[in-house]
4 protein chains.
Amino acid sequence: MPAPDGSLGVAAIGYAFMGKAHSGAWRNVGAYFDVPPVHRRLLVGRDAEAVGRAAARYGWDETATDWRSVLERDDVDIVDILTPGHLHAEIAIAALEAGKHVVVEKPLANTLAEAEAMAAAAAAAEARGQHAIVNFNYRRVPAIALAKELIDEGRIGAIRHVRASYLQDWLADPSSPMSWRLRKEQAGSGALGDLGAHIVDLVLHLTGDRIESLNGGMRTFVTRRPAGESGDGALGGSGGGGPLEEVTVDDAAWASAHLWGGGVAQLEVSRFAGGRKNGLRLELYGEHGSIAFDLERLNELEYFDARGDAGRQGFTRILVTESGHPWVNAWWPDGHIIGWEHSFTHQFAQLLGDIRDGRPSTPSFAEGLAVQRVLDAIERSAAHDGAATAP
Amino acid sequence: MPAPDGSLGVAAIGYAFMGKAHSGAWRNVGAYFDVPPVHRRLLVGRDAEAVGRAAARYGWDETATDWRSVLERDDVDIVDILTPGHLHAEIAIAALEAGKHVVVEKPLANTLAEAEAMAAAAAAAEARGQHAIVNFNYRRVPAIALAKELIDEGRIGAIRHVRASYLQDWLADPSSPMSWRLRKEQAGSGALGDLGAHIVDLVLHLTGDRIESLNGGMRTFVTRRPAGESGDGALGGSGGGGPLEEVTVDDAAWASAHLWGGGVAQLEVSRFAGGRKNGLRLELYGEHGSIAFDLERLNELEYFDARGDAGRQGFTRILVTESGHPWVNAWWPDGHIIGWEHSFTHQFAQLLGDIRDGRPSTPSFAEGLAVQRVLDAIERSAAHDGAATAP
Amino acid sequence: MPAPDGSLGVAAIGYAFMGKAHSGAWRNVGAYFDVPPVHRRLLVGRDAEAVGRAAARYGWDETATDWRSVLERDDVDIVDILTPGHLHAEIAIAALEAGKHVVVEKPLANTLAEAEAMAAAAAAAEARGQHAIVNFNYRRVPAIALAKELIDEGRIGAIRHVRASYLQDWLADPSSPMSWRLRKEQAGSGALGDLGAHIVDLVLHLTGDRIESLNGGMRTFVTRRPAGESGDGALGGSGGGGPLEEVTVDDAAWASAHLWGGGVAQLEVSRFAGGRKNGLRLELYGEHGSIAFDLERLNELEYFDARGDAGRQGFTRILVTESGHPWVNAWWPDGHIIGWEHSFTHQFAQLLGDIRDGRPSTPSFAEGLAVQRVLDAIERSAAHDGAATAP
Amino acid sequence: MPAPDGSLGVAAIGYAFMGKAHSGAWRNVGAYFDVPPVHRRLLVGRDAEAVGRAAARYGWDETATDWRSVLERDDVDIVDILTPGHLHAEIAIAALEAGKHVVVEKPLANTLAEAEAMAAAAAAAEARGQHAIVNFNYRRVPAIALAKELIDEGRIGAIRHVRASYLQDWLADPSSPMSWRLRKEQAGSGALGDLGAHIVDLVLHLTGDRIESLNGGMRTFVTRRPAGESGDGALGGSGGGGPLEEVTVDDAAWASAHLWGGGVAQLEVSRFAGGRKNGLRLELYGEHGSIAFDLERLNELEYFDARGDAGRQGFTRILVTESGHPWVNAWWPDGHIIGWEHSFTHQFAQLLGDIRDGRPSTPSFAEGLAVQRVLDAIERSAAHDGAATAP
């Protein structure tokens, strides 16, 4: 499969919001990181004209309308799956069986059964030397990676409290139209899978811990919306119909969780938090220190050192733009901030280096499955008035 | 009872942290607000020498060691009860029966039964023209009062999300000693009653709503601590004994709640959140706008107006120090901030004006009881793995 | 003069904004600090009725309409001068000659000649055991005092840059009326003396340095205003006359200064900075670290340690409310913020302790004179198109 | 010159920090904006091997070691000049004479004479239909562009105060080595030209005003540094020699300026402000409102509306990431921030659209010359103890 120069061919399936973001990362990763060359071979979408425009704009060599065509291409080494969640399992498993490395957008799948099948397929493929990751890209935000460093160095000690929320407001207006993201059969869930998957992954990743039990809840504030465009241009999109359509996913979800290591975690996600545009906020409180993060200021990390000099303690705002910070050496001088998009660039740099060096890749499908189990537990708990459940 | 000039005599029972704060408010209220004159008649505490020193410092005319002595004093109109919670009911009911106006520190009582008895006594006394309040002083922080104004004006509309937390860190160190606040028989509960009472009251007060059901949890991270000083100098304090003593209250508590009006609320309190010193934070997200508040910056309120000019929206940091802001006219020019202590000053200004003008006083014991029912529901839910309970 | 119990009698001359603030500090200082008892003997103002109301409200024993009456009172030990600046010299010198301790509001005087005479009188009086201070109260803000500690510990090293500004906006509206603060004969100058005196004092105090030369400027944006009330109720107040009156002081002033120690300082003050209500901001950049402060958040100090762990550096937000912080031990538990008014309380606590213990008091009149020389240099430079001048 | 498809060929001269940033912008502009296709033809640098590596990494078709070779290339339409400032004039004038469009990094030139010659050449070329811009890229930061919109809409009214500073700290350590940026013959000046050029341009651009006179100063804190690598990989770089080399440029500079429109401006730049990594901060105070900006949080703009509802005013933090905000429609959903690099992307999108549509391009060389005149005035004033000068 590998080219003599180690270069790798990529095919991306999906060309909407995520297609734009992934395309940019594939286009730029080699300019900033020492990784094998990447060829953007093929962009796949069901609407030939639209995918053609996207490919021209984002810089892909060819297009296709049937995702199966990527399986036969010898010049495609990596399949990057950006479809709505209900298509993840079929495509990913087929691609793994065809010997491809696979990237799947989060969440891993819409159902636990699909996620389990995918994790099994990935395990088998990894044994054959293939790589499969689920794109929890926020792990690759420099400030988050720095948080992980601080935690792994023992700087905050045993964790007592985790507070994780991801608040947006794009549905707060009841007249906002339907899209595939609001239909259970396509999206699986609403804020829970879209936003909750991110924070659950970050909680598990940062703490290195697991959830013992949780009490969860979900809420749909606006249950019917005007039928609208698919709005997302993605594979699974479809036109609207009558004047009002039922929303079949959650607008908000939450959980209180007990971690095996003794900490407690509060999780909340919403698309109804006016003024919060991309408000993923994390707080971790440990025996020796604390950490706080806000995705709207993603170049910053706040760190409290409980063992610092008495009377000089407080939260330190670290501008995570120094060459010694994770991922930053590739970029600009101190203080020159980077954008949200480069969480993808970093994730792909990681993957490409892993492929070249034969290292296992993360976030693995197994990790994606662990997240999925937590999301499933939240749904089950919510269906029983918040009764305690285990992932 | 009233003096010819309308002046009122006060007796305070308790002289530690709260005694210091209340004394200051009684001493200063008349210098800033048009209220009846107040005479600080009597400071009561069990340790004659200590209460004598406190009275001299804080400016009380006399002292006593038995709280019952205040009941007989004709020159005492208001009894201000600052003891540990297990003494609230007995003293408050006796004082009400003796015809006194009563102020009780929050939480109203340690048990629901006590709170119910107190509310009944207050209702009877109010019918006789007496005033009884539980001191949820944060209602009187200007920024909180401004939040209430904005909500009552309809500026944020129907509330979808409430996020309320009160995070401190003074117990994060496992070697911090015991105090009466960590013994259930004196304090009733830990963070739940001490901190949770505040945020539950604020949620009910600001939303004007009630909790339909909730799922709650509690946790004690450090279960044994060095026997220490009472640390608080209060009536109920007593010296330690052996080297380690069992902590019988919670270090942290939380709940997810459904409001009758359709919103959901997330509550969390802790004494283990390193770097948060007095971190009472509120966020309310409504149909038309949002509000955020942090007690560590108590002169500020953040307000998001979803109906503002497109492209010019965002959270506005209102420095709540203008003469048109609630309570502020009494103080300084714009931008000259006031301190935490004046939440008490404002509460007493309110009470004194209410007494003079014959208006009902708030927060009433009935409101205190409502808070108590929520705290009790959290405890009951926590005892059943977070199963849904109703207050 | 001293009473057997060490108690001290105070007379205050002036009863408007500053009278209210000073009265509160005299009333409360003994409740929080171990200082000699203070008796508020006499409040002086030209309007007998108004001063009577103020005395009743603020808690003074008696009133007078002629400031000279305080000189003869044996029970007055401290004369607190709160009049407009043009009266400072006459009253202060007379009080010092009468053997009183003297507090003068800043700036020390309206003219350099007056300030020099006052400093000479203070030096003579100090030799006789009297105390004389000019009330640069911001030195006593805990965060500022902590900044001074950090600097004196060498934590920021040799200072390269000082940036000090004091921005308000109460004159930004051209229709705001005249007051004594806008007449040169009473106020001496506008923003320069009112706001500039504070930041010049803080620069000199914090750096421990002196200004070698400076280039300064001044500006009056609105040159005529509606005749208004004196607005300030102070001694020098007087009613307006015709419909428009000329503003004879500056609305804004600034300077760039070279410090003898090698640093440079940028100073700016204005009453025309919309949205800045009490925006005194300081930044000091040294060889080893930096400090930032904002009076609108006066309980916080930001500190950057250039010698901290690489990659973990940043500005630390210290919430200056811990018992180990300057002045804070007298107050509340961690995180319970105090208000602007207590800069006065602390200043008086310092003075009372100094009197009791026979320590020299600061800020001395000599320090007030040093500030005055800088203000005078700014005026002289401004009068010559910003040409370099020396204080 | 134009290709049939309107595509444009670019040659960049310089491949260090700015080469990396410009390359990225040329590579990505077409993926986000509707502009003519761009071909990255030629990257020029004196070190053949280094420029070869850079071209491979950043995606340029060819390389050259002599900048004159670009003049003859018919497939090069745009010459992008990223060399040290002393080479700007020669290359830019030659490229304009050869009929090329020209981009020059700021500042326009090292001397006023060079800048004047360049502006003359650009005027002549513009008359021939060529485009010439100086890359004041911060004009294209969305928050800055939004500030310009607000100002042009009259939202802040007549401007009274401008406060502009650009603070970095990369030279604060005296042991940091020499580089071409610290040699006057190559860099022209230090912080003044590097940082000051940006803020002077922003002041002129945002206010639409001109400077009438100013008082300026400059300072070099560390006058000798270890001879070091060129560190910058740029054309003008050269190895060091002896152990210490004299710094011949300023470490910091400042000015107080009078604007013709009646406002005053305070400017300060430094490379010695510990903890400020890329701290370009702007504040504009006008009759009706105010604006504040910080480049370290470049996706945010603070706006104060003095005509807003009384009691609800304050600085609004606008997260400038909405599709209606300038430039943002090309990017991501609300709240997904972009990085510093895209100020370049936007500048080039603007230029390419201007070329296609035959619109005049900005910032013009004439505007670059206006900035240069101000920098020159600051230098002249600084050389005369801050005496008033006119640009």
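Calculation criteria
- Residues numbered from 1 in each chain as written.
- Chains lettered and ligands numbered in written order.
- Predicted model: local features only at pLDDT ≥ 70, side-chain atom pairs only at ≥ 80, totals over all residues.
- Helix = DSSP H or I, 4+ residues; strand = E, 2+ residues; numbered from the N terminus.
- Rg over C-alpha atoms; globule rule 2.2 N^0.38 Å.
- Buried ≥ 20, exposed ≤ 12 C-beta atoms within 10 Å, placed from the backbone.
- Contact = placed C-beta atoms within 7 Å.
- Pairing = 2+ DSSP bridges.
- Axes fitted to C-alpha atoms, helices over the stretch in contact; angles between N-to-C directions.
- Nonpolar A, V, L, I, M, F, W, Y, C, P; charged D, E, K, R; others polar.
- Least-squares fit on C-alpha atoms with pLDDT ≥ 70 in both.
- Expected span 1.5 Å × (residues − 1).
- Bend = angle between axes of the 7 residues up to and from the residue.
- Domains from an automatic or database assignment.
- UniProt positions renumbered as here; feature names shortened; annotations may be inferred.
- Parallel < 35°, antiparallel > 145°, perpendicular 65-115°, else oblique.
- Left-handed = near helix turned anticlockwise from the far one by under 90°.

Participant: I'm lost on the overall build of chain A in this one. Help?
Facilitator: Broken down by element type, chain A carries 10 helices and 16 strands. Taking 21 Å as the expected radius of gyration for a compact globule of 391 residues, we find that chain A reaches 21 Å, a close match to that expectation. Judged by the C-alpha coordinates and their principal axes, chain A covers about 65 × 55 × 40 Å. Evaluated residue by residue, chain A yields a buried proportion of 66% over its 391 residues. The contacts of chain A with a sequence gap of at least 6 include a subset with a gap of at least 24, amounting to 71%.

Participant: When you look at the sheet that holds strand β1 (residues 8-13) of chain D in this model, what are you seeing that I'm missing?
Facilitator: Two strands in a sheet stick together by hydrogen bonds in their backbones, pointing the same way (parallel) or opposite ways (antiparallel). Residue and element names in this part refer to chain D. Read from one edge to the other, the open sheet built from six strands follows the order β3-β2-β1-β4-β5-β6, with strand pairing classed as parallel. This sheet does not close on itself; its edge strands, each paired only once, are β3 (62-64) and β6 (132-135). Each adjacent strand pair in this sheet contributes to an overall mean axis angle of 20°, direction not counted. Contacts from helix α1 (residues 17-32) reach β1, β2 (38-44), β4 (78-81) and β5 (101-105) within the one sheet, and its direction differs from that of β2 by about 165°.

Participant: Is there a simple way to explain the interface of chain D and chain B in this structure?
Facilitator: By a widely used convention, the size of an interface equals the accessible area lost when the partners come together. In this complex, chain D contributes 14 residues to the contact, which on the side of chain B involves 14 residues. Broken down by element, the residue count for the side of chain D that touches chain B peaks at five residues, all from strand β16 (residues 315-319) of chain D. Of the residues in the side of chain D that touches chain B, the class split is five nonpolar, six polar and three charged. Where strand β16 (residues 315-319) of chain B meets β16(D), three bridges bridge the pair, whose relative direction is antiparallel. Along β16(D), the bridge assignment pairs Arg317(B) with Phe315(D).

Participant: What exactly am I supposed to notice about the relation of the copies chain A and chain B here?
Facilitator: A rotation about an axis combined with a shift along that same axis relates the two copies of the chain. Turning chain A through 180° and shifting it by 0.0 Å along the axis lays it on chain B, with an RMSD of 0.0 Å. Such a combination of turn and shift is consistent with a two-fold rotation axis. Among all C-alpha atoms of chain A, that of Ala387(A) lies closest to the rotation axis, at 2.4 Å. A shared binding surface is used by both copies, with 100% of the interface residues of chain A retained as interface residues in chain B.

Participant: Whenever I open this one, the sheet that holds strand β1 (residues 8-13) of chain C confuses me. Can you help?
Facilitator: Residue and element names in this part refer to chain C. In space, the six strands of this open sheet follow the order β3-β2-β1-β4-β5-β6, with parallel pairing throughout. If you trace the sheet from one side to the other, it starts and ends with β3 (62-64) and β6 (132-135), each paired once. Each neighbouring strand pair of the sheet contributes to a mean axis angle of 20°, computed without reference to strand direction. Taken together, the four bridges between β1 and strand β4 (residues 78-81) define a ladder with parallel strand orientation. Note on β4: the bridge partner recorded for Ile 13 is Ile 81. With respect to the sheet, helix α2 (residues 48-58) is in contact with β2 (38-44) and β3, its orientation differing from that of β2 by roughly 160°. Here helix α3 (residues 88-97) sits on the sheet and contacts β1, β4, β5 (101-105) and β6; the angle it forms with β5, its principal contact strand, is near 165°.

Participant: Mind showing me how you'd approach helix α1 (residues 17-32) of chain A here?
Facilitator: Each α-helix turn comprises 3.6 residues. Residues three or four places apart therefore point the same way. All names here are of chain A. Counted at 1.5 Å a residue, the expected span for α1 with its 16 residues is 22 Å, and the 23 Å between its end C-alpha atoms agrees. Within α1, the axis deviates most sharply at Trp 26, by approximately 30°. Counted residue by residue, α1 has 14 buried out of 16 residues, so it is predominantly covered.

Participant: How should the domain arrangement of chain A be read in this particular structure?
Facilitator: All names here are of chain A. Under the domain assignment, chain A is made up of domain 1 (8-138) and domain 2 (140-335 + 370-383). Taking the mean C-alpha position of each, domain 1 and domain 2 sit 24 Å from one another. Tallying the contact residues gives 26 residues for domain 1 and 26 residues for domain 2. Elements with a minimum of two residues in the side of domain 1 that touches domain 2: α1 and α5 (112-127). Across the side of domain 1 that touches domain 2, the residue classes break down as 16 nonpolar, eight polar and two charged.

Participant: How do you make sense of the UniProt feature "domain: Gfo/Idh/MocA-like oxidoreductase N-terminal" (unreviewed entry) in chain A when you look at a structure like this?
Facilitator: The UniProt entry lists residues 9-127 of chain A under the feature "domain: Gfo/Idh/MocA-like oxidoreductase N-terminal" (unreviewed entry), expressed in the numbering used here. Along residues 9-127 of chain A one finds 48% helix and 20% strand; the C-alpha atoms at either end are 21 Å apart.

Participant: Any chance you could explain the pairing of strand β7 (residues 159-167) of chain B here in plain terms?
Facilitator: The side chains of a regular strand alternate between the sheet's two faces. Residues and elements named next belong to chain B. Among the nine residues that make up β7, nine are buried, leaving the element largely enclosed by the rest of the structure. Of the pairings in the sheet, the one linking β7 to strand β13 (residues 279-286) comprises eight bridges and is antiparallel in character. In the strand pairing of β13, Val 162 is matched with Leu 284. The sheet contact formed by β7 and strand β12 (residues 264-270) spans seven bridges and is parallel. Paired with Val 162 across the two strands is Ala 265, which belongs to β12.

Participant: Sorry if this is basic, but what is going on with the relation of the copies chain D and chain B here?
Facilitator: For the pair chain D and chain B, the superposition axis carries a translation of 0.0 Å, the fit reaches an RMSD of 0.0 Å, and the rotation angle comes to 180°. Most of the interface of chain D is mirrored in chain B, where 100% of its interface residues are also at the interface.

Participant: Where do I start with the interface of chain A and chain B in this structure?
Facilitator: Taken together, the 30 residues of chain A in the interface contact 30 residues of chain B. Breaking the side of chain A that touches chain B down by element, the ones donating at least two residues are β7 (159-167), β8 (211-219), β11 (252-259), β12 (264-270), β13 (279-286) and β14 (289-294) of chain A. Ranked by residue count, the leading element in the side of chain A that touches chain B is β12(A), at four residues. Among the residues making up the side of chain A that touches chain B, the classes are represented as 13 nonpolar, 13 polar and four charged.

Participant: Would you mind showing me how to read the pairing of β16(D) here?
Facilitator: Across the five residues of β16(D), five count as buried, placing the element largely inside the fold. Across the two faces of β16(D) the burial is the same, with Phe315(D), Arg317(D) and Leu319(D) and Thr316(D) and Ile318(D) all buried.

Participant: Is there a simple way to explain the packing of helix α7 (residues 191-207) of chain C against helix α9 (residues 365-383) of chain C in this structure?
Facilitator: The packing of two helices is summarised by the inter-axis angle and the distance between the axes. All names here are of chain C. The interhelical angle for the contact between α7 and α9, taken along N-to-C directions, is 120°, at an axis separation of 9 Å. In terms of orientation, α7 and α9 fall into the oblique class. When the axes of α7 and α9 are compared, the crossing they make is right-handed. Between α7, through Leu 192, Gly 193, Gly 196, Ala 197, Val 200, Asp 201 and Leu 204, and α9, the contact on the second element is made entirely by Ala 370, Val 371, Val 374, Leu 375 and Ile 378.

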